[in-house]
Amino acid sequence: MAMAEIYVYWISGNPLSISLFAIFGLLALIIYFSFRSGIPGGFATVTLTIIYYFYIIQSRNYTGDQLTNGIRTTLVLGLLYYFIAWIIGGLRQIIDNLIEREANEKRRLQAIVEQLPVGVIITDSEGLVTQTNSQLRNILGFDLPLGYRIEKEEPLHEPHSSPLFQALSTGKPVVSKEFTINRPDGKKITVLISSSPIQSLSGKTIAAASIISDVTAQREIEDRKNDFINMASHELKTPLTSLRLYIDSLSSRVKDFKDARAEKTLSSIKFQTERLQDLATGLLDVSRIQTGKLSLNKESFRLDELVKEIISDLQGSTRNQKLILSRSVGASVIADKFRISQVLTNLITNAAKYSPPGENITIEITKTGRYAQVSVSDKGIGINKSQHKKIFDRLYQVTDAKEKTFPGLGMGLYISKEIVKRHGGTIWVDSEKNQGSIFYFTLPLTK
Ligand code: ADP
């Protein structure tokens, strides 16, 4: 009312000027209502303001120029006010839409997280829990309340093993780390935890998402399978060893009869029995590796001398393929001689198996830094780059039409990789399809 009085005073005193106070005071009201209630609220305030101005003009009985100026100014101001209300109300609507869209997005994300068949923990950059799902509660057997500080809780708190902590500190995802958790109900479970950092547009790590899956059942099945393989290979080995002894004793007798056909048949039986023995030994080794029971009997020996021994042992059994030791340096290692022989035998027999008869196989022993390095190179069928890592996996075989024709179970390279790894060395391959292969492995030299 006071504002309206000032307005009237100014119009009557000087019809062309209008109180700044009246303009800005009413403008503030219009801005306030436009922002609070959007365009409808703003427009309603403007309309009321205009009606109010007209009421005052009418109640003061203006005439002539005073009346014309009053009406004109009110109309101009009214238009301006509508425009301002439209802009501010529109802005308010845009902000409302944005807020709603974000809320919908959040709800959608929550629904997805809730539906996931794995446990989910989303934390902020400090490790405070900001979101979980019901599957997490099912897995852990207790609730992880929002706002809970994860670092204090096993198995996620140890700075070096916690996937969450690692993802937050390095900004890189950590994939499938295995942990054993004791649930409050006394059950012991095995879980796989993966954590991914969530980064802002500027690249700062602002949160982390961890996924927890319960693999207890799979591990139990795997344990049972390993136990079975272990038992089966033991059971196979015993009769095979006896069979070998009988074959040997029979062989020496058959020699006396000078029966060439019988001798040939016996030598085939012996060969096949040896293959069976190799398979049983391979299976046993795989199950030992799986259950962490592959023990090493380390001793100090000259690797170059062992390589030479194995080359001369295998020289006769390759298909016309000459084994050539093209480079050799003296290299002492502390390792399990039997297991390292196994690696060498596997690489050399593979080189012979996967390359045509008559092609030479070249072996080299060198030193690189603190390591002895052995390479076995062939001119055979080669291996596609995409398979280079996989061939060292358990029971992995390349399944191209060409490879299918070679017998095997895909155990050799897996066992070799584990043996070399357990000695602190590395094993890898350099090869291209149809270009031959070079397999390398290293062992730490004796200090
Ligand atoms: P296996 O020879 O019994 O199949 P391995 O574990 O020794 O099992 O080898 C795994 C796979 O790697 C083989 O099936 C074969 O496809 C590939 N491979 C191994 N050595 C060679 C080689 N020298 N040349 C080409 N391919 C090879």
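Figured I'd write up the structure that's included with this text. (Residues numbered from 1 in each chain as written. Predicted model: local features only at pLDDT ≥ 70, side-chain atom pairs only at ≥ 80, totals over all residues. Heavy atoms only, no water.)

What follows deals with the pattern of salt bridges. Following the criterion strictly, the structure yields 14 salt bridges and no others. Close ionic contact of K385 with E432 constitutes a salt bridge, the shortest N to O distance being 3.2 Å. One end of the pair, K385, is in the loop between β10 (371-378) and α10 (401-404); the other, E432, is in the loop between β11 (427-431) and β12 (437-444), with 47 residues separating them in the sequence. Bridged by salt links that share partners, the residues R244, D248, K270 and E274 form one connected network. (Salt bridge = Lys/Arg side-chain N within 4 Å of Asp/Glu carboxyl O. Helix = DSSP H or I, 4+ residues; strand = E, 2+ residues; numbered from the N terminus.)

We now examine the environment of Q218. Looking at the secondary structure, you find Q218 in helix α6 (residues 216-257). Each C-alpha atom of the pair Q218 and Y396 lies 20 Å from the other, and the pair is 178 residues apart in sequence.

This paragraph deals with unusual backbone geometry. Here the phi dihedral of K258 falls at roughly 50 degrees; this positive angle occurs in a residue that is not glycine. Examined against the element boundaries, K258 turns out to sit in the loop between α6 and α7 (260-290). The backbone of L395 sits at a positive phi, close to 55 degrees, despite the residue not being glycine. In this structure, L395 sits in the loop between β10 and α10. Exposure remark for L395: the relative accessible area of 48% places this residue in the partly exposed category. (Buried < 20%, exposed > 50% of the residue type's maximum accessible area, 1.4 Å probe, protein only.)

In this section: the site of the ligand. What surrounds the ligand is a group of 22 residues, the closest being N350, Y354, D378, Q397 and L413. In this structure, Q397 approaches the ligand through a side-chain N or O atom, which is 2.7 Å from an oxygen atom. Within the contact set of the ligand, a nitrogen atom lies 3.4 Å away from a side-chain nitrogen or oxygen of S437. Look at the ligand: alone it shows 530 Å² of surface, and the protein chains cover 97% of it. When residues in the shell around the ligand are grouped by element, the largest group, four residues, is from helix α9 (residues 337-353). Considered class by class, the residues forming the shell around the ligand number 11 nonpolar, eight polar and three charged. (Near = heavy atom within 4 Å. Polar contact = N/O pair within 3.5 Å; in protein donor to acceptor, adjacent residues only side chain to side chain. Areas by Shrake-Rupley, 256 points an atom, 1.4 Å probe, with all protein chains shown as cover. Nonpolar A, V, L, I, M, F, W, Y, C, P; charged D, E, K, R; others polar.)

Our next topic: the pairing of strand β4 (residues 188-199). Of the strand pairs in this sheet, strand β3 (residues 174-182) and β4 are connected by seven bridges, and their pairing is antiparallel. Each residue of the ladder has a partner; that of T180, found in β4, is T190. Counted along the chain from β3 to the antiparallel partner β4, the turn is five residues long, and its residue G186 has a positive phi close to 90 degrees. Looking at chain direction, β4 and strand β5 (residues 205-214) are connected through nine bridges and run antiparallel. In the strand pairing of β5, S196 is matched with A209. (Pairing = 2+ DSSP bridges.)

What follows concerns the pairing of β12. Burial of β12 is extensive: six of the eight residues sit out of reach of the surface. Summarising the sheet, β10 and β12 pair through eight bridges and their orientation is antiparallel. By the bridge assignment for β12, D378 is matched with S437. Two strands pair when backbone bridges link them, and β11 and β12 are joined in this way by five bridges, in the antiparallel orientation. Considered in β12, the bridge of D430 is made with I438. As consecutive antiparallel partners, β11 and β12 are separated by five residues, and within that stretch N434 has a phi angle of approximately 65 degrees, a positive value.

In this section: a nonpolar patch on the surface. The grouping of F43, F83, W86, I87, L91, I94 and L98 at the surface amounts to a nonpolar patch, some 680 Å² of accessible area in total. It is helix α3 (residues 64-115) that contributes the most residues to the nonpolar patch, six residues altogether. Within the secondary structure, I87 is located in helix α3. When its relative accessible area of 38% is taken as the criterion, I87 is described as partly exposed. (Patch = residues over 30% accessible without salt bridge, like charges linked within 9 Å, V, L, I, M, F, W, Y side chains within 5 Å.)

So, on to the packing of aromatic side chains. The tally for this structure, following the rule as stated, stands at five aromatic pairs. Aromatic side chains Y32 and F33 sit 5.1 Å apart centroid to centroid with 75 degrees between the ring planes, which places their arrangement in the edge-to-face category. Between F43 and Y82, the ring centres sit 5.2 Å apart and the planes meet at 80 degrees, which makes this aromatic pair edge-to-face. Residue F43 is located in helix α2 (residues 20-59), and its partner Y82 is located in helix α3; the two are separated by 39 residues in the primary sequence. We classify Y82 as partly exposed; its relative accessible area is 26%. Here the guanidinium or amino end of R92 rests over the ring plane of F35, the centre of that ring lying 5.8 Å away. (Phe/Tyr/Trp six-rings, centres within 6.5 Å; stacked < 30°, edge-to-face > 60°. Lys NZ or Arg CZ within 6 Å of the ring centre and 35° of its normal.)

Spatially, five strands are ordered β7-β9-β10-β12-β11 in an open sheet, and the strand pairing comes out mixed. Strand pairing shows two members of the sheet lacking a second neighbour, β7 (323-327) and β11, which therefore form its edges. Strand-to-strand twist across the sheet, computed as the mean angle between neighbouring axes with direction ignored, equals 20 degrees. Pairing of β7 with strand β9 (residues 361-368), which is carried by four bridges, proceeds in the parallel orientation. Residue pairing across strands places I324 opposite T362, the latter belonging to β9. The strands touched by helix α8 (residues 303-314) are β7, β9, β10 and β12; relative to β7, the strand with the most contacts, the crossing angle is about 155 degrees. (Axes fitted to C-alpha atoms, helices over the stretch in contact; angles between N-to-C directions. Contact = heavy atoms within 4.5 Å.)

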